[in-house]
Amino acid sequence: PCIPTVQFYIAPGKNAIYFGNSQPQQGIAAANYVAPIIKARKWDLKQTWIVSTGQKSAFGSDPGSPEERITYFTKQLQKLLPGLPKNQVTLLDCADTPACRTAMADWLTAHPQAKYVTGATVYDIRSLGAHAALKAAGFSNNAALVGNGLEPAAKALVDGKDPIMVATLDPGEQNGGQFVIPLALDILAGKPVPTATYIPVSAYCGKRCGK
């Protein structure tokens, strides 16, 4: 017998239906948010690096993996800011906040020429580490990170108008029911359903945007 399977937030297996956020759209949303900030701060793009935090060693890079958030962030940001050098892009492979803080601190030590730093992440536990390292190194308006996941610590930084953690992506999980319940009912009724149903994602900018 055929058993309908819906994969929540994980790249679906063969014949499974995906429900959750679009990985590429998360990266695009992050880039769309941070690009105007970089322009407003009048960064010299030739001295700007994209340094993101993920864990390719664990997630891999197959379509549907969380690393697509980073890939599409980079592509979209380079599209919006065509002056960004293509070779000034780094993905730090780190699992948690302390590891990402160390990885970013080491990267900054090895790249003293990096005047401006921006980056996305697969999740806030990593962006918080990158944030701590950039703050300790004296970066303020010359760094701009977009987190992911609405972790309380990241959300608090955004609410406090932190110059480095400028936003964290809101995956919209609180609105998931309005999408997944109709999907489940259609499956139960034997009706055709799309192979993927995506929850819209947006950048949470908190009190910075009057929210």
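Coordinates for the structure precede this section.
Per-chain numbering applies: the sequence of each chain, read as written, is numbered from 1 onward. For this predicted model, a pLDDT threshold of at least 70 governs which residues receive local features, and a threshold of 80 or more governs which side-chain atom pairs are given and counted, while totals over whole chains, interfaces and linings are taken from all residues. Each side-chain value is worked out from all heavy atoms of the structure, with water and hydrogens disregarded.

K.L.:
Before we go on, may I ask you to explain the nonpolar core in this structure?
P.N.:
The nonpolar side chains of a soluble globular protein tend to be buried, and buried together. Buried Ala, Val, Leu, Ile, Met, Phe, Trp, Tyr and Cys residues that are joined via side-chain atoms within 4.5 Å together make up what is termed a nonpolar core. Partly exposed residues are those whose accessible area sits between 20% and 50% of the maximum for their type, while under 20% is buried and over 50% is exposed, using a 1.4 Å probe and protein chains only. Judged by nonpolar contacts, the single largest core of 26 residues is most densely connected at Y33, V34, F73, L77, V146, V166 and L169. Strands here mean DSSP runs of E at least two residues long; helices mean DSSP runs of H or I at least four residues long; both are numbered from the N terminus. Put simply, the parts of the chain that give this core at least two residues each are α1 (23-41), α3 (67-80), β6 (143-148) and β7 (165-170). By residue number, the principal contributor to this core is α1, which donates eight residues. A103, A114, A130 and L134 belong to the second-largest nonpolar core, a separate cluster that totals 23 residues.

K.L.:
Just checking my understanding: could you explain the sheet that holds strand β9 (residues 202-204) for this structure?
P.N.:
Hydrogen bonds between backbone atoms are what pair the strands of a sheet, whose relative direction is either parallel or antiparallel. Pairing between strands is defined by DSSP: at least two bridges between the two strands are required. Strand order across the open sheet formed by six strands is β4-β3-β5-β6-β7-β9, with mixed pairing between neighbours. The sheet terminates laterally at β4 (89-93) and β9, the two strands that pair on one side only. When the angles between neighbouring strand axes are averaged without regard to direction, this sheet yields 30 degrees. Looking at chain direction, strand β3 (residues 48-54) and strand β5 (residues 116-119) are connected through three bridges and run parallel. Directly across from W49, in β5, lies its bridge partner V117. Any two residues whose heavy atoms approach within 4.5 Å are treated as being in contact. Axis definition: a line fitted to C-alpha atoms, over the contacting stretch in the case of helices. Angles run 0 to 180 degrees between N-to-C directions. Those strands touched by helix α5 (residues 124-136) are β3, β5, β6 and β7, and its axis lies near 160 degrees from that of β6.

K.L.:
Sorry if this is basic, but what is going on with the environment of L150 here?
P.N.:
Mapped onto the elements, L150 comes out in the loop between β6 and α6 (152-159). When the C-alpha positions of L150 and P171 are compared, they lie 7.9 Å apart, and in sequence the two are 21 residues distant. Other than its neighbours up to four places away in sequence, L150 contacts D124, K155, T168, L169, D170, P171 and Y204.

K.L.:
Would you take a moment to explain helix α4 (residues 97-110) for this structure?
P.N.:
Since the α-helix turns once every 3.6 residues, residues separated by three or four places project in the same direction. One less than the number of residues in a helix, times 1.5 Å, gives the span that helix is expected to have. Compared with the 20 Å implied by 1.5 Å per residue over 14 residues, the 20 Å span of α4 between its first and last C-alpha is a close match. Turning to α4, its buried residues are C100, A103, M104, W107 and L108. Looking down the long axis of α4, one finds its buried residues gathered within 135 degrees of arc, a one-sided arrangement. Seen from the buried face of α4, the exposed residues on the opposite side, beyond 90 degrees, are P98, T109 and A110. Residues of α4 that are buried sit in contact with β3, β4, β5 and α5. Here a polar contact is taken to be a pair of N or O atoms separated by no more than 3.5 Å, where protein atoms must pair a possible hydrogen donor with a possible acceptor and residues adjacent in sequence count only if both atoms sit in side chains. The N-capping residue of α4, defined by a side-chain oxygen 3.0 Å from the backbone nitrogen of A99, is D96. Picture the helix axis, draw a direction to every C-beta atom, and the arc is the one those directions span.

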